[in-house]
Amino acid sequence: MSVQRRSLIGLCLLLGLVLVSSETGASADLPRSYNYNLWLETVPSAPAYRLKREINVGTMPGVYNFGELADIHVGKERVYIVDRIGNQVIVTDHEFNFISRITLLKNEQNRIMTEDGNQMRLTLPEGAFEAENGDLYIADSGYRDAKTGEARIVVFSETVDSRGNAFYYAKNIIKKPSNFVGRTQFIPSKLVVDNAYRIYAVVQGGSEGIVVLNADGSFSHYFGTNRIRFSPIEYFWKSLASEEQLQKMALTFAPPFNSVDIDENGFIYATTSDARSIDKVARFNPSGDNIIRRMGYLPPIGDVPDFLTGDESEIISVTVNDYGMYAILDSGRGRIFVYNFDGELLFVIGNLGLARGEFISPGDVSWLGDDIIASDKKKGTVAIYTPTEFGRLVIDATKAYYVGNWDEAGEKWLQALRHNSNYDIAYVGYGKMLYMQDRYEEALKYFKLGNNRSYYSMAYKKYRSEKLSENFGLFAMPLLIVFGAVVFAEYKHHKRAGEQ
Amino acid sequence: MKQFWEKLSYTRYVMFNPFDGFYEIKFRNRGDASIATLFLLVNGILAVVSAQYNGFVINTLNVKNMNSILILFYSVIPYLIFVIGNYSTTTLFDGKGTMREIYIVVGYALAPYILCQVVAVIFSQFITTEEVPIHRLIVLSGSAWFAFLVFGGLITVHEYGVLKNVATLLCTVVAVSIILFLSLLAYSLVQEVVAFVQLFITEAIVRIEGWSS
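What you see is a predicted model; the values in this text were computed from it and never measured.

1. Some thoughts on the domain arrangement of chain A
Much of the literature gives interface size as the accessible area that the parts lose upon coming together.
Residues and elements named next belong to chain A.
At step 1: Looking at the assigned domains, one finds that chain A contains domain 1 (45-387) and domain 2 (415-500).
At step 2: One C-alpha centre belongs to domain 1, the other to domain 2, and the line joining them spans 51 Å.
At step 3: Contacts between domain 1 and domain 2 engage four residues on the former and five residues on the latter.
At step 4: Of the residues contributing to the side of domain 1 that touches domain 2, the split by class is two nonpolar, one polar and one charged.

2. Structural notes on the sheet that holds strand β11 (residues 136-140) of chain A
Residue and element names in this part refer to chain A.
At step 1: If you walk across this open sheet you meet the four strands as β10-β11-β12-β13, and the pairing is antiparallel. If you trace the sheet from one side to the other, it starts and ends with β10 (125-130) and β13 (166-174), each paired once. Each strand of the sheet is rotated relative to its neighbour by a mean of 25 degrees, with strand direction disregarded.
At step 2: Where β11 meets strand β12 (residues 152-160), five bridges bridge the pair, whose relative direction is antiparallel.

3. Digging into the nonpolar core
Across soluble globular proteins, nonpolar side chains show a tendency to be buried alongside one another.
At step 1: Of all hydrophobic cores here, the largest spans 113 residues; its most connected members are L191(A) and A201(A).
At step 2: Of the residues forming this core, the biggest block, eight residues, is contributed by helix α6 (residues 424-436) of chain A.
At step 3: If you count residues domain by domain, this core takes at least three from each of domain 1 (45-387) and domain 2 (415-500) of chain A.
At step 4: Discounting residues that sit within four places of it in the chain, L191(A) has contacts with G127(A), F129(A), Y137(A), A139(A), I153(A), I199(A), Y200(A), A201(A), V202(A) and V260(A).
At step 5: Counting 31 residues, the second-largest nonpolar core is a separate cluster that includes I25(B), F39(B), V83(B) and L154(B).

4. Examining the pairing of strand β2 (residues 42-45) of chain A
Across a regular strand the side chains alternate sides, sitting on one face of the sheet and then on the other.
All names here are of chain A.
At step 1: For strand β1 (residues 33-36) and β2, the ladder comprises four bridges, and the chain directions are antiparallel. Within β2, the position partnered with Y36 by the bridge is T42.
At step 2: Here β1 folds back onto β2, and the loop between the two strands holds five residues, one of which, L40, carries a positive phi near 60 degrees.

5. Focus on the packing of helix α1 (residues 2-16) of chain B against helix α5 (residues 99-123) of chain B
All names here are of chain B.
At step 1: Taken N-terminus to C-terminus, the directions of α1 and α5 make an angle of 85 degrees; their axes are 10 Å apart at the nearest point. When the axes of α1 and α5 are compared, the pair comes out roughly perpendicular. Contact with α1, carried on its side by T11, V14 and M15, involves Y108, A111 and P112 of α5 and no other residues of that element.
At step 2: Taken together, the residues that form the contact of α1 with α5 break down as five nonpolar, one polar and no charged.

6. Concerning α5(B)
At step 1: The end-to-end C-alpha distance of α5(B) is 36 Å, a good match for the 36 Å that 25 residues give at a rise of 1.5 Å each.
At step 2: Along its length, α5(B) reaches its greatest deviation from straightness, about 30 degrees, at A111(B), and the proline P112(B) lies no more than four positions downstream.

7. What to know about the interface of chain B and chain A
At step 1: In this complex, chain B contributes seven residues to the contact, which on the side of chain A involves ten residues.
At step 2: Its residues assigned to classes, the side of chain B that touches chain A shows three nonpolar, four polar and no charged.

8. Re the confidence of the model for chain B
Reading predicted coordinates in detail is not appropriate for stretches of low pLDDT.
At step 1: Confidence in the prediction for chain B averages 94 pLDDT; 100% of positions are at 70 or higher.
At step 2: Both scores are given for the predicted complex: the pTM is 0.84, the ipTM 0.84.

9. A few points about the environment of V382(A)
At step 1: Within the element layout of this structure, V382(A) appears in strand β27 (residues 381-387).
At step 2: Aside from chain neighbours lying at most four places away, what touches V382(A) is I55(A), V57(A), I72(A), I373(A) and S375(A).

10. Some words on helix α6 (residues 132-158) of chain B
Residues and elements named next belong to chain B.
At step 1: For α6, which comprises 27 residues, the first-to-last C-alpha distance of 39 Å matches the rise-based estimate of 39 Å (1.5 Å per residue) to within 8%.
At step 2: Elements in contact with the buried residues of α6: α2 (18-28), α4 (68-90), α5 and α7 (162-212).
At step 3: At the C-terminal side of α6, E159 shows a positive phi close to 60 degrees.

11. Observations concerning the sheet that holds strand β4 (residues 69-74) of chain A
Sheet strands pair via backbone hydrogen bonds, and the direction of the pair is either parallel or antiparallel.
All names here are of chain A.
At step 1: With respect to topology, four strands assemble into an open sheet ordered β4-β5-β6-β7, the strand pairing being antiparallel. The sheet terminates laterally at β4 and β7 (98-102), the two strands that pair on one side only. Taking the axes of each pair of neighbouring strands and ignoring which way they run, one obtains an average angle of 20 degrees across the sheet.
At step 2: Bridge count for strand β6 (residues 88-93) against β7 is four bridges, and the pairing is antiparallel. Looking at β7, one finds that V89 is bridged to I102.

12. Some points on the packing of α6(A) against helix α7 (residues 440-449) of chain A
Residue and element names in this part refer to chain A.
At step 1: Contact pair α6 / α7: the axes reach a minimum separation of 8 Å and the direction vectors enclose 165 degrees. Taken as axis vectors, α6 and α7 run roughly antiparallel relative to one another. As for how α6 packs across α7, the hand of that crossing is left-handed. Contacts from Y427, V428, Y430, G431, L434 and Y435 in α6 reach Y440, E442, A443, Y446, F447 and L449 in α7.

Reading the values: the criteria
- Residues numbered from 1 in each chain as written.
- Chains lettered and ligands numbered in written order.
- Predicted model: local features only at pLDDT ≥ 70, side-chain atom pairs only at ≥ 80, totals over all residues.
- Domains from an automatic or database assignment.
- Contact = placed C-beta atoms within 7 Å.
- Nonpolar A, V, L, I, M, F, W, Y, C, P; charged D, E, K, R; others polar.
- Pairing = 2+ DSSP bridges.
- Helix = DSSP H or I, 4+ residues; strand = E, 2+ residues; numbered from the N terminus.
- Axes fitted to C-alpha atoms, helices over the stretch in contact; angles between N-to-C directions.
- Core = buried A, V, L, I, M, F, W, Y, C linked by C-beta atoms within 7 Å.
- Buried ≥ 20, exposed ≤ 12 C-beta atoms within 10 Å, placed from the backbone.
- Parallel < 35°, antiparallel > 145°, perpendicular 65-115°, else oblique.
- Expected span 1.5 Å × (residues − 1).
- Bend = angle between axes of the 7 residues up to and from the residue.
- pLDDT = per-residue confidence, 0-100.
- Left-handed = near helix turned anticlockwise from the far one by under 90°.

If you want it as structure tokens, here you go:
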């Protein structure tokens, strides 16, 4: 009996142990993450995202002839997967259920359109964007016009045929505008469309900036150029060179952009991977100035450049959500960096590798609600990362702060701190709440923990004046006494002088 | 002991009257090298203190990587090198000052700098980012005072004119850089010799182990 009971207890213990260990195993499965501190040292961080699903686009039902996943765009209800080599755009819903496949240009009657007796089809499409009205703009970069030898943008619209099947017809074809200026070739790669249906297209190798087309397809202007780093030696030689020598020297071009996105207010985000460029990601205001905020320990450039080799992150894609949070993708190390509106690094997700959810050759990144989806060119997969408990708290806090809910944001930050006590932004976030509630002394503590001197200084100013006014008597008394003593001494002195 | 206190309190006179003060020190024995050493050490300790205890707003020290011995070292050695450099040039330009006198000048000149540092460290506890320039001003005025005292002191002990003093100071800069260059050279040379000996020993050990097995 007792032996049986003992063995039963033992079995229970063993089972418990197995359960516990399997649970710790599950948490150890999460990728490790990091962040940077004030001294730009890497600090371990709790993982903010975990892999939810990985979708192999090539084996999705309805998809065939799959080539290379070039671009991925999330619309209001659709996800567009651009297959560059397979000359097609695959349309799915947000759950990645196949809906349609665009490869031939059809008219509204579902008839294939022809040009010079040939079927019109997409050739090497590189970018897709869903406009406000649901129209799909595709950069058909492999197409070569017979006259200009340059590419086109095709506008598709979704409709239903007589049998009730959804299909996309080519609503409009935008070729090189007749009023196009500059030396840039009109070969659009990635594009966005704003609320006024202006098209902002990144062109391959375009050093003059982003091409802006009006809603009617005419050329408007070039937009936002990249600032470049000058080496002092280069500058010295160029300053010495004569006019003729300068003409023979290789011109220094502004580095081209490789990706664009647009936020809810119509500000354009663009990235560049060129090593000469100062900014890796830019946020352009309507007049084309880069107004990205750089409040973080490091400007938004991904990883800290290598100390010895100077290697920097190669940023190839950007995506921004409605709360000013943007993610950029580093193709060199296969990492996604997520920043808040202020340009403070929130999370680092992903890695190069062969495991599920890791990258071989990163392609594109995009928000899907609060999930982040990232595509891999070679694997032809789309990885869906979903926030962990910690990530959820940080996202909620960031959103609450963005819309001005200080108190909610502060509480979320405090909870986030329980998951990750290395998280400087959370300390500062909670401190901001305390500051808004006029609890300056506590705010000071949290700003100090969060290593943020400007906010500490703000809180200290309030704290100091509060203390000064509280203890006014204590500070004023000695001053009064000294003043009185001086006056008295002067009086005595003068009186004595007068007597003499 | 009483004499030491007397000499220490004489520093106050030197601070405000460098030409007179250093003259008295040189010819009437009103100062002492031990006091100069004291100031030099206090300055070094104060450098460590200000690195650690400066107010949060201006203090970006990474405590994990802090090495107080190194900070002490770096805040004392430059003055000693300057003394050597200055002595080696002024002997060529018929300066009347001895090495001891130059040392005393540099040491005493540190006194106002130390004072300003103390004030700055205390002040930095109560400032916001907007008042950082005032903190800088305090430190800077300490440095300027130091520079003035060194300048005046060297004129006095070497019995130079202003121009000649400037010229020898420029030469001192050259001398100091030569000293630094040579010491760097010697350092790397020693390092290489040490590495060679280490390599030699490892090689020998490996070979001996090879034979015995």
